[in-house]
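Results of the structural survey
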Amino acid sequence: MSEINILPKEVYQLIAAGEVVERPSSVVKEMLENSVDAGAKNITVEIKNGGSTYIRITDDGSGIPKSEVKKVFMPHATSKIKTGSDLDSIATLGFRGEAMSSIAAVARVELLTRAKGEELGTRYEIAGGEELDFSDAGCPEGTTVVVRDIFFNTPARMKFLKKDVTEGNSVAGIVDRMAISHPEVSFRFIREGKQTLITSGNGELKSAVYSVFGKEFSDGLAEVDYSVNGMRVTGLVTRPAAARKSRAMQFFFINSRSVRCATATAALEQAYKNSVMVGKFPGCVLNIECDTSFVDVNVHPAKIEVRFANERPVFELVYYGVKSAIETQDKPKEAHFPDYKAPALTASGKIDIRPRNEEKPVQLQFKQKTPDDFWQVAAPSSKPERNEVLAGEAFKISLDDLTEKKEYAPAEAPVKEESPNTDVPDFRIVGEAFKTYIIAEIEGALYFIDKHAAHERMNFEKLKRSTQINSQLLLQPVAVRLSPEEYNAVCDNLGLYSKCGFAVEDFGGNTVIVRECPSMLGGEDIADLIVETAGKLLDGKTDITPERMDWIFHSTSCRAAVKAGDYTSPQERELFVKRLLSMPDIRYCPHGRPVMIKMSKYDIEKQFGRA
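Cut-offs and rules
Residues numbered from 1 in each chain as written. Predicted model: local features only at pLDDT ≥ 70, side-chain atom pairs only at ≥ 80, totals over all residues. Heavy atoms only, no water. Helix = DSSP H or I, 4+ residues; strand = E, 2+ residues; numbered from the N terminus. Buried < 20%, exposed > 50% of the residue type's maximum accessible area, 1.4 Å probe, protein only. Contact = heavy atoms within 4.5 Å. Areas by Shrake-Rupley, 256 points an atom, 1.4 Å probe, with all protein chains shown as cover. Pairing = 2+ DSSP bridges. Axes fitted to C-alpha atoms, helices over the stretch in contact; angles between N-to-C directions. Expected span 1.5 Å × (residues − 1). Polar contact = N/O pair within 3.5 Å; in protein donor to acceptor, adjacent residues only side chain to side chain. Core = buried A, V, L, I, M, F, W, Y, C linked by side-chain atoms within 4.5 Å. Parallel < 35°, antiparallel > 145°, perpendicular 65-115°, else oblique. Nonpolar A, V, L, I, M, F, W, Y, C, P; charged D, E, K, R; others polar.

What follows covers the overall build of the protein chain. When you go through the protein chain residue by residue, the secondary structure sums to 17 helices and 25 strands. Burial analysis of the protein chain (611 residues in total) assigns 47% to the buried set. Intrachain contacts of the protein chain at a sequence separation of at least 6 include 69% that bridge at least 24 residues. Of the accessible surface of the protein chain, which amounts to about 30,800 Å², a share of 50% is contributed by carbon and sulfur atoms.

Spelled out as C-alpha cells, the structure:
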C-alpha cells in the first residue's frame, strides 16, 4: 500500500475550490447570493474579459464587522447555520461556508467593507489563499468584492475557460436569474465598460422580467398566484399563443432560489397540454414557496438541485396554478397590419404606397410569375413583407400591369435551379385534394403527393448540395431576443449560420440581429427560425458541425416550402410533379414523413368489387 499523505493547505484548498469555482459565473453566483443574504437593496456587478480577469460586486447590505473579516475566507465559515439541525430549515441562499475560501484559493481577491455603526471600513486582500493586506479604509456601508485573475495559480484549469464572450454570457445569465428571483433588489450589470442591465428594484416581477427579457416576452405573460396545502406558487407564464421553440425560457425558483426542477417542468407542460402546438414549449418565471423543512437544498455543491419530501404536492401546485392562470387570462391572438395610406398616382404614371408617418415611398411592381418561379421561393399566395425586400431593389407598379390580378414578385426573378437529368416517367395530374395533396396518375397507379413535405425535402437537398447558398439582404434587419443560453449558443455558432446563408450579428443584451437570410426563405419567420435552431444547438452541444447545419437546413427548408392549404395553379402542379419524379431519392421529408403514397389500380378496383 502506498504511503498516506496529509495534504498541505495550499493543495486541499485547490481541490475544494474545484467543487465550487468552475468558471467566472460560479464566482458571481456565490457572491451575489451573499449580497442578497446581507439584505442589499442595490447590487452592481461589473466584469471584464468575461469575468476571467476582473469581477467587481458592490452592495449596500449590512457589511462585515472588522473582527469578522478574516473569518470570511476560512473554510466552512458561515453565519447562516450553527448546528446540523439547521440544515433542515435553510432560509438563506448561501449556507455552506465554502465559496469565499474557494474563490480566494484560485484568484486575487480584494474586499472593502463597512458594517453599520462602524466609523471606518476594512480593506482585506488575499491571493491564492495567502493574506497580503489587512487595514482600515474609507468606504460606504456595505461590501465591495473585487476578484482578479481567476485560476492564476492553476493554469491547467484556465485552459478550460471558454471565449470571453461565452463566459460573459454565462455571467449575464446568472445576473438575469438573480434579478427575476429578487425583484425587490435593484441589479445593475456592467459588461466590458457598458451597462447592459438595470432593474428598478420596485418589487414588481413583471417590471424585472421586462428589464431582463424585453417587451416581446413580457407582453405575452399571464400572472400566476395559487395556494394549496400550505404551499404557494407565484410568477408569470406565457400565454399559449406565445409558446416558444425551446425550454430555454423556463425559470423555476424554490423560496427564491434558482433551481432545476423536473417535477415543476413536467407539471408546467402538462398544464399546457392541448393548448400549444406540438414542438413548442411554454415559458415561465415561477417561484414555489414552501416550508424549508419540506425541501432539501443540501444536495449539490452549486445548490442548483433540490429534493422534496414529497413530489406530488409540488406537481399539483404548479399544474393547477398554471392551468387556472391560462384558462382565465388567455386571450385570442391579435393580428396587426401596417397602416397604409391609399395608393396615389405619381406624375410618371406609377403608384406610391407609403406607410403613414413615413416620407420615403415604397414602390412596388406587379409581375407575372411563371411556374418555374414558384417552386424556387415560398407559397404563391404569400406576399413579401416590407422587411423581406432585397435592399436596393426598386419595386414599381405601372398602369399597364393593373389590368389583371397578378402576384407580387421581386423585380429580379430568383436564380433557377438546374433541372436534374433523370428521366421522368409519363404522368397525368388528376387534381388536388384539400389544397394539400396533389393527385397524379403514374404508370397505372395513383400517387397522393404531400406538396409541403415534398417541397421541404427538395429545398433541404438543394441547401445540402449548395457550395454557396444564395442569400438576400433584408431591407429591415430582424432583431431576435433570446434567453442567455440561446444567445450564447447562437453567438458561438455565427460562422455556422453564415455557412447556411444567414448573416447574424451579436447585438448585445441577449439579442442578435439578422441582416441576411437564404433567398428561398423570403424573409419569412426569421425570428422563430433563429429561436428554434438556437434551442436545437443547446440540446446538441456535442454534435458535430454537419449535423448542426442539418438542423438549420431543416428549419429553413420547412419555412421556405409551400404550405398545406396554399393555392397552386395547374401549371405549377405539373412542374412540381415533374421535378419531384426527377429526384427518385426523395421519399421522405427531413422530419421523416412520407412525401407520397401510392394506390394501385388493383387496390382501387378491389374496393369497387371489380377485382
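Across the sheet, which stays open at both edges, the 3 strands sit in the order E22-E24-E23 with antiparallel pairing between neighbours. Here the strands that pair on one side only, and so sit at the sheet edges, are strand E22 (471–481) and strand E23 (503–508). The average angle at which neighbouring strand axes cross in this sheet is 20 degrees, direction not considered. Relative to strand E24 (residues 511–518), E22 is paired through 7 bridges, and the arrangement is antiparallel. Its bridge partner lying in E24, Leu 473 is registered against Glu 516.

If you check helix H9 (residues 311–329), its first and last C-alpha atoms are 27 Å apart, about what 19 residues at 1.5 Å a residue would give, namely 27 Å. Every buried residue belonging to H9 is among Pro 313, Val 314, Leu 317, Val 318, Tyr 319, Gly 321, Val 322, Ala 325 and Ile 326, and all of these are buried. Those residues of H9 hidden inside the fold are in contact with strand E9 (221–228), strand E10 (231–238), helix H8 (262–271), strand E13 (284–289) and strand E15 (307–308). The opening residue of H9, the one whose side-chain oxygen lies 3.1 Å from the backbone nitrogen of Arg 312, is Asn 310.

This paragraph deals with helix H14 (residues 526–539). With 14 residues, H14 extends 20 Å between its outermost C-alpha atoms, agreeing within 8% with the 20 Å of an ideal straight helix rising 1.5 Å per residue. Summarising burial for H14: 10 of the 14 residues are buried, a large majority. Every buried residue of H14 is listed here: Ile 526, Leu 529, Ile 530, Val 531, Glu 532, Thr 533, Ala 534, Gly 535, Leu 537 and Leu 538.

Checked against the element boundaries, Asp 296 lands in strand E14 (residues 295–296). A residue is classified by how much of its surface remains accessible, and Asp 296, at 27% relative accessible area, is partly exposed. C-alpha of Asp 296 to C-alpha of Phe 308: the two residues are 12 residues apart in sequence and 6.3 Å apart in space. Discounting chain neighbours no more than four positions away, the residues touching Asp 296 are Glu 305, Val 306 and Arg 307.

Once that is clear, we can look at the nonpolar core. By size, the foremost hydrophobic cluster in this structure holds 52 residues, and its most contacted members are Leu 32 and Val 147. Looking at this core element by element, the count peaks at 7 residues for helix H5 (residues 164–181). Formed by 31 residues, the second largest nonpolar core is a distinct cluster that contains Leu 463, Ala 489, Leu 496 and Cys 500.

A few words on the packing of H5 against helix H12 (residues 484–491). For the pair H5 and H12, interaxial distance at closest approach is 9 Å and the crossing angle is 170 degrees. Classified by the interaxial angle, the pair formed by H5 and H12 is roughly antiparallel. Side by side, H5 and H12 meet where Thr 166, Asn 169, Gly 173, Asp 176 and Arg 177 of the first sit next to Pro 484, Glu 485, Tyr 487, Asn 488 and Cys 491 of the second. In terms of residue class, the contact of H5 with H12 is built from 3 nonpolar, 4 polar and 3 charged.

Turning our attention to the pairing of strand E2 (residues 54–59). The side chains of a regular strand alternate, first on one face of the sheet and then on the other. Relative to E2, strand E1 (residues 42–48) runs antiparallel, the two being bridged by 6 bridges. Counterpart to Lys 48 in the pairing with E2 is Tyr 54. As consecutive antiparallel partners, E1 and E2 are separated by 5 residues, and within that stretch Asn 49 has a phi angle of approximately 55 degrees, a positive value. By the bridge criterion, 6 bridges tie E2 to strand E6 (residues 142–148) in an arrangement that is antiparallel. Note that in E6 the partner of Asp 59 across the bridge is Thr 143.

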